[in-house]
Amino acid sequence: MRIAAALLVCAGCASHGGTARHEVPAADIARLEPGAATTRDTSALLGEPFEVTRFERQKRTAWGYRVREEGQSWRYWLEFSDDGVLRDVIRSDENEMHFETLSPGLH
């Protein structure tokens, strides 16, 4: 939950938009295992994120992907540590009003 709060209060973070133009399947995101998947694995499977945000204090970089499942639009934030390993998967509604951590929060 602390990471979700960091997404809301983005003090000391840098962000830039990618050129991703489509939604990715939620099933593909589910194939990425926190603690094992890397930025290279993620790029190969999902392509370029629509947004990248750096959290300097946490030494993490979040990649944002758009997903449509069960008739609703979601944003999935995949957080990578500085070694390029996926650490957390966080889902938010399209308006970023509701956050849900889907991974166990490996550190």
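Residues numbered from 1 in each chain as written. Predicted model: local features only at pLDDT ≥ 70, side-chain atom pairs only at ≥ 80, totals over all residues. Heavy atoms only, no water.

### Side note on the nonpolar core
Inference 1: Ranked by internal contacts, the top residues of the largest apolar core, which has 16 residues, are Ile29, Leu46, Tyr65, Tyr76, Leu78 and Leu86.
Inference 2: Listing elements by their share of this core, those giving two or more residues are α2 (26-30), β3 (60-69), β4 (72-81) and β5 (86-93).
Inference 3: Broken down by element, the residue count for this core peaks at 4 residues, all from β4.
Inference 4: Setting aside its immediate chain neighbours within four residues, Tyr65 contacts Val24, Ile29, Thr42, Leu46, Gly47, Glu48, Pro49, Phe50, Trp74, Arg75, Tyr76 and Leu78.
Inference 5: The next biggest cluster of nonpolar side chains, apart from the first, holds 5 residues, and it includes Phe50, Phe55, Trp77 and Ile90. (Core = buried A, V, L, I, M, F, W, Y, C linked by side-chain atoms within 4.5 Å. Buried < 20%, exposed > 50% of the residue type's maximum accessible area, 1.4 Å probe, protein only. Helix = DSSP H or I, 4+ residues; strand = E, 2+ residues; numbered from the N terminus. Contact = heavy atoms within 4.5 Å.)

### Considerations on unusual backbone geometry
Inference 1: Phi at Lys59 is positive, roughly 55°, even though this residue is not glycine.
Inference 2: You can see Lys59 is positioned in the loop between β2 (51-55) and β3.
Inference 3: The backbone phi angle of Glu70 is positive, close to 50°, even though this residue is not glycine.
Inference 4: Of note, Glu70 is situated in the loop between β3 and β4.
Inference 5: Judged by relative accessible area, Glu70 falls into the exposed class, the value being 84%.

### What to know about the pattern of salt bridges
Close approach of charged atoms allows side chains with opposite charge to pair.
Inference 1: Tallied over the entire structure, the rule returns 8 salt bridges.
Inference 2: Between Glu56 and Lys59 there is a salt bridge; the shortest N-O distance is 2.9 Å.
Inference 3: Take Lys59: its relative accessible area is 42%, and that puts it in the partly exposed class.
Inference 4: For the salt bridge of Glu79 with Arg60, the shortest nitrogen-to-oxygen distance reads 3.2 Å. (Salt bridge = Lys/Arg side-chain N within 4 Å of Asp/Glu carboxyl O.)

### Description of the pairing of β3
Inference 1: Buried residues dominate β3, accounting for 8 of its 10 residues.
Inference 2: Direction of pairing for β2 relative to β3: antiparallel, over a ladder of 5 bridges. When the sheet's bridge partners are listed, Arg54 is paired in β3 with Thr61.
Inference 3: The turn linking β2 back onto β3 is made up of 4 residues, and Lys59 within it adopts a positive phi angle of 55°.
Inference 4: Note: β3 against β4, 10 bridges, orientation antiparallel. Across the sheet, Arg66 pairs through a bridge with Arg75, a residue of β4. (Pairing = 2+ DSSP bridges.)

### Points about the confidence of the model for the chain
Inference 1: Per-residue confidence for the chain gives a mean pLDDT of 80; residues scoring 70 or more make up 70%.
Inference 2: Across the chain, element-level confidence peaks in helix α3 (residues 39-46) with a mean pLDDT of 97 and bottoms out in helix α1 (residues 2-8) with 44.
Inference 3: Between residues 1-20, whose pLDDT stays under 50, and residues either more than four places distant or in other chains, the model counts 44 contacts. (pLDDT = per-residue confidence, 0-100.)

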